[in-house]
Amino acid sequence: MFHINEFKKLSGVSARTFRYYDKIGLLKPVSKTEGGHRLYSNTELKKLQQIQFLKIIGFQLSEIKMMLESEEWDWSNSLMKQLSYVISEKDRLSKIEISLRELINGIAIDGEEFRIKKIMDLYNNKDLKEVLNNNRDKLNLKKTEVLEKLPKMGSSDPDSLEWIALVGQLKKYIHLGYSDTRIQNIIKRMDVKKGEDYNDEDAFLDKLWDIRMSPEESKNYNLYPIDQEVLNFMEKAYIYYLRNKS
């Protein structure tokens with residue numbers, strides 16, 4: 001027989017939880033001491049382990065009570081329903097994760113000027129990959145794999161994060177002027193990375209840049225709205241880089 005204090009240590013569950021379980025009839029003590037302290041046996045310990053496990057896989061206490069009390073409970077049906085629920089929650093949480101990453105990466109680009117409206121405007125639009133794939137002939141896109149390498153605002157992959165960081169740095173130091181060494185180093189890294197990620201896709205990149213430079217086209221293609229001032233600055237900095245490239 002376990003005193004409630006010993007039972008707490010064995011299970012890691014608080015006395016308050018035990019009182020609540022007792023109140024709702026989920027887990028009752030075998031008896032009590034003369035001082036009114038609850039006493040539990042190995043049977044209750046095993047039942048508590050079952051309760052904790054069922055909680056971990058997502059069942060509510062009211063469901064757990066019925067599951068453990070009924071000898072005719074359809075476990076297969078309950079577990080299948082729970083699995084369906086977990087899968088739907090996984091999809092929902094995945095979408096929330098992407099939205100949070102978009103917000104974080106939006107701040108990385110825009111800094112203090114970041115506005116949540118930018119992300120909200122994109123939220124209900126079509127997926128960038130889908131939009132570009134549907135226009136691949138118009139964009140002179142040779143390989144579908146190129147779409148996988150395009151920076152995604154809701155992504156956590158290193159390539160996307162580096163592109164986002166480079167644009168953020170460019171905007172941060174825009175006041176230095178496009179010929180400044182720091183700016184040119186950023187542009188140089190962009191050029192190297194462009195060669196690494198999009199080799200032999202110059203026609204596609206040129207078309208994509210034309211779309212990026214048009215606010216209306218950028219919106220149609222669901223591209224993250226970068227300030228026109230930053231885009232113009234990037235273009236001038238890149239032209240300067242190419243002219244002075246050794």
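Residues numbered from 1 in each chain as written. Predicted model: local features only at pLDDT ≥ 70, side-chain atom pairs only at ≥ 80, totals over all residues. Heavy atoms only, no water.

A. Layout of the pattern of salt bridges. Enumeration according to the criterion identifies 13 salt bridges in this entry. The partner of K171 in a salt bridge is D110, and the shortest N-O contact between them spans 3.0 Å. Here K171 is found in helix α9 (residues 158-172), whereas its partner D110 is found in helix α5 (residues 75-110), with 61 residues between them in sequence. Judged by its relative accessible area of 4%, D110 falls in the buried class. As a salt-bridge pair, R189 and E196 come within 3.5 Å of each other at their nearest N and O atoms. Take R189: its relative accessible area is 26%, and that puts it in the partly exposed class. When its relative accessible area of 48% is taken as the criterion, E196 is described as partly exposed. A network of salt bridges, in which partner residues are shared, links D159, E162, R189, K193, E196 and D197. (Salt bridge = Lys/Arg side-chain N within 4 Å of Asp/Glu carboxyl O. Helix = DSSP H or I, 4+ residues; strand = E, 2+ residues; numbered from the N terminus. Buried < 20%, exposed > 50% of the residue type's maximum accessible area, 1.4 Å probe, protein only.)

B. Up close: the packing of aromatic side chains. Summed over the entire model, instances satisfying the criterion amount to 6 aromatic pairs. Between F18 and Y40 the ring centres are 5.5 Å apart and the planes differ by 40 degrees, which places this aromatic pair in the tilted class. Of this pair, F18 sits in helix α2 (residues 15-23) while Y40 sits in strand β3 (residues 38-40), and the two are 22 residues apart along the sequence. Its relative accessible area of 0% is what places Y40 among the buried residues. Chaining the aromatic ring pairs together yields one cluster made of F2, F7, F18 and Y40. The lysine or arginine in question, R182, covers the ring of Y173, its NZ or CZ lying 4.4 Å from the ring centre. (Phe/Tyr/Trp six-rings, centres within 6.5 Å; stacked < 30°, edge-to-face > 60°. Lys NZ or Arg CZ within 6 Å of the ring centre and 35° of its normal.)

C. Just a nonpolar patch on the surface, in detail. Together, M80, L83 and I87 give the surface a local cluster of nonpolar side chains, amounting to about 290 Å² of exposed area. Within the secondary structure, L83 sits in helix α5. (Patch = residues over 30% accessible without salt bridge, like charges linked within 9 Å, V, L, I, M, F, W, Y side chains within 5 Å. Areas by Shrake-Rupley, 256 points an atom, 1.4 Å probe, with all protein chains shown as cover.)

D. Structural view of the environment of I116. Tracing the backbone through its elements, the reader meets I116 in helix α6 (residues 116-123). Look at I116 and you get partly exposed, because its relative accessible area is 48%. Separated by 14 residues in the primary sequence, I116 and E102 place their C-alpha atoms 9.7 Å from one another.

E. Structural detail: the environment of Q169. Position of Q169 among the secondary structure elements: in helix α9. Using a relative accessible area of 35% as the deciding quantity, one classes Q169 as partly exposed. As for Q169 and R182, which are separated by 13 residues in sequence, their C-alpha atoms are 9.4 Å apart.

F. Seen up close, α2. Every buried residue of α2 is accounted for by A15, F18, Y21 and D22. Viewed along the axis of α2, the buried residues span an arc of 115 degrees, placing them on a single side of the element. Residues of α2 that are exposed and point more than 90 degrees away from the buried face comprise R16 and K23. At its buried positions, α2 is contacted by α1 (4-11), β3, α3 (42-56) and α4 (61-69). The first or second residue beyond α2 is G25, which carries a positive phi of 75 degrees. (Arc of directions from axis to C-beta. Contact = heavy atoms within 4.5 Å.)

G. Up close: a negative patch on the surface. Taken together, the side chains of D200, D202, D206, D210 and E235 make up a negatively charged region of the molecular surface. At 3 residues, helix α11 (residues 202-212) tops the list of elements feeding residues into the negative patch. Along the chain, D206 turns up in helix α11. (Lys, Arg positive; Asp, Glu negative; His and termini not counted. Charge placed at Lys NZ, Arg CZ, Asp CG, Glu CD.)

H. Inspection of the nonpolar core at higher detail. In this structure, L132, L170, I187, M190 and F204 are the most contacted members of the largest nonpolar core, which totals 38 residues. The element best represented in this core is helix α13 (residues 228-244), accounting for 6 residues. The residues touching I187, leaving out its near neighbours within four places in the chain, are L170, M234, A237, Y238 and Y241. Within the second largest apolar cluster, 17 residues are counted, among which are F2, L48, I51 and F59. (Core = buried A, V, L, I, M, F, W, Y, C linked by side-chain atoms within 4.5 Å.)

I. Representation of the packing of helix α10 (residues 181-197) against α13 in the model. One way to put it is that α10 packs onto α13 with a least axis distance of 10 Å and a crossing angle of 80 degrees. By the angle class used here, α10 and α13 are roughly perpendicular. Two secondary-structure elements touch here, α10 through I183, Q184, I187, K188, M190, D191 and K194 and α13 through F233, M234, A237, Y238, Y240 and Y241. Partitioning the contact of α10 with α13 into residue classes produces 9 nonpolar, 1 polar and 3 charged. (Axes fitted to C-alpha atoms, helices over the stretch in contact; angles between N-to-C directions. Parallel < 35°, antiparallel > 145°, perpendicular 65-115°, else oblique. Nonpolar A, V, L, I, M, F, W, Y, C, P; charged D, E, K, R; others polar.)

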